[in-house]
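# Breakdown of the fold
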Amino acid sequence: MKEHGFSSGIRAGASIAIGYFPVALTFGLLAKTTGLSLIEATAMSIFVFAGAAQYISLSLITAGVLPALIVVNTFIVNIRHFLMTAALNEKMEPAARWKKALYAFGITDETFTVLATQPGHKIRTSFAAGVIVISYGSWVLFTALGHLIGASLPAFLQASMSIALYAMFVGLLVPSMKGNRKVVSLALIAALFNSLFFFTGWLSTGWAIMVSTLASAIIIELISRKGVAA
Amino acid sequence: MGAWIWWMIFGMAIVTYIPRAIPLTFLEGRELPEVVQNVLRNIPYAVLGALIFPAVFFIQENIWFGVIGVASAFAIAIAGANVIFVILGTIAILSIYGLWFG
């Protein structure tokens, strides 16, 4: 039972740790210029661990928005995780509720995609723990470092590293796409919906990702049941 | 920043944790209807599509960073490389592009 345990999880999560490096470093830097102390910025990454929501909170603080409204906005941005953890639950091995309550804290867009695209049937709790520990470690450590150094990477590296998480998403998607029209359609339709919401401004980012994902998943399910696709 | 920032962090922590924890704990040991299970199984691939597009085009002011980056990532991944090499290869290509044309 050594297979696909904690250390495999660490290896699978290394991609996320690399991708979080520039994002967390920049968050630390921006938090500093927003006026947060090292302790406050690091505490936010320790307790919240949500990239998009943390970035938005900084711009809202600068804009002088009420803290209570920032909390409400955080909830709205994170509503999409209801959908992701419901989907992840189907992939995870059965485990005691307290264990699931514990690792639930570490489910981000990135840890979700790495876990949910693992080949094979059920994912072990220890594997999820490995993915989360290395991702969370990177997020917290580089937030603090970004604040301490107070500068970002050299411009060309900062620019090129901003692709890291997207390259990871592509790297996770492509192996499942090969020879699988259903996977290609799922990604494509969600991408089109999300682009529509983005360019028309009909939905904010958090909602847009959730609605386009759900719409694509339902549409493809309806089509494939009629036996048209895949 | 004062005490309010700690209340805000506390509030943000709670509302971020709720959507992560409720489905995982509440659905433990429950069998969902098959149609719901099928839709949930589709979610990861749909999420990836929505997370990549259109955001990848706006990672830098120069849209070509995103265009070249995502095209390189697809090319490297289709060639069969491991996720970590997709990331490092794409960063390398964009670094070269950035140094020459950035």
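Residues numbered from 1 in each chain as written. Chains lettered and ligands numbered in written order. Predicted model: local features only at pLDDT ≥ 70, side-chain atom pairs only at ≥ 80, totals over all residues. Heavy atoms only, no water.

This part takes up the interface of chain A and chain B. At the junction of the two partners, chain A supplies 90 residues and chain B supplies 66 residues. When chain A packs against chain B, the two sides together hide about 6900 Å² of surface, and 78% of this comes from carbon and sulfur. It is Glu90(A), Ile163(A) and Tyr166(A) in chain A that bury the most area against chain B; as a group they hold 9% of the surface buried on that side. At the surface where chain A touches chain B, the tally comes to one salt bridge. Here Lys100(A) and Glu28(B) are joined by a salt bridge, their closest N and O atoms 2.5 Å apart. Put simply, chain A and chain B have 21 residue pairs in polar contact (both at pLDDT 80 or more) between them. (Contact = heavy atoms within 4.5 Å. Buried area = accessible area lost by both parts, 1.4 Å probe. Salt bridge = Lys/Arg side-chain N within 4 Å of Asp/Glu carboxyl O. Polar contact = N/O pair within 3.5 Å; in protein donor to acceptor, adjacent residues only side chain to side chain.)

This brings us to the side chain of Ser176(A). In this structure, Ser176(A) sits in helix H10 (residues 164-177). Contact partners of Ser176(A), with chain neighbours within four places excluded, come to Val183(A) and Tyr45(B). (Helix = DSSP H or I, 4+ residues; strand = E, 2+ residues; numbered from the N terminus.)

Here helix H1 (residues 3-26) of chain B is 24 residues long and its end C-alpha atoms lie 34 Å apart, about the 34 Å a rise of 1.5 Å per residue gives. The largest bend in H1(B) amounts to roughly 35 degrees and is located at Ile18(B), with the proline Pro19(B) lying one to four residues further along. (Expected span 1.5 Å × (residues − 1). Bend = angle between axes of the 7 residues up to and from the residue.)

Nonpolar side chains in soluble globular proteins generally cluster together in the buried interior. Ile107(A), Phe112(A), Leu115(A), Met168(A), Val170(A) and Ile43(B) are the most contacted members of the largest nonpolar core, which has 76 residues in total. For this core, the two domains that each supply at least three residues are domain 1 (6-175) and domain 2 (179-230) of chain A. With residues near it in sequence (within four places) discarded, Leu115(A) still touches Leu88(A), Lys91(A), Ile107(A), Ile123(A), Phe127(A), Ala128(A) and Val131(A). Counting residues in each nonpolar core, the second largest holds 21 residues, with Ala43(A), Ala53(A), Leu58(A) and Ile9(B) among its members. (Core = buried A, V, L, I, M, F, W, Y, C linked by side-chain atoms within 4.5 Å. Buried < 20%, exposed > 50% of the residue type's maximum accessible area, 1.4 Å probe, protein only. Domains from an automatic or database assignment.)

A word on the domain arrangement of chain A. All names here are of chain A. Domain boundaries assigned for chain A yield domain 1 (6-175) and domain 2 (179-230). Averaged C-alpha coordinates put domain 1 and domain 2 at centres separated by 24 Å. At the junction of the two partners, domain 1 supplies six residues and domain 2 supplies eight residues. When residues of domain 1 are sorted by the area they lose upon contact with domain 2, Arg-80, Leu-83 and Leu-173 head the list and together hold 61% of the total. Within the residue set of the side of domain 1 that touches domain 2, elements represented by two or more residues are helix H4 (67-78) and helix H5 (80-91).

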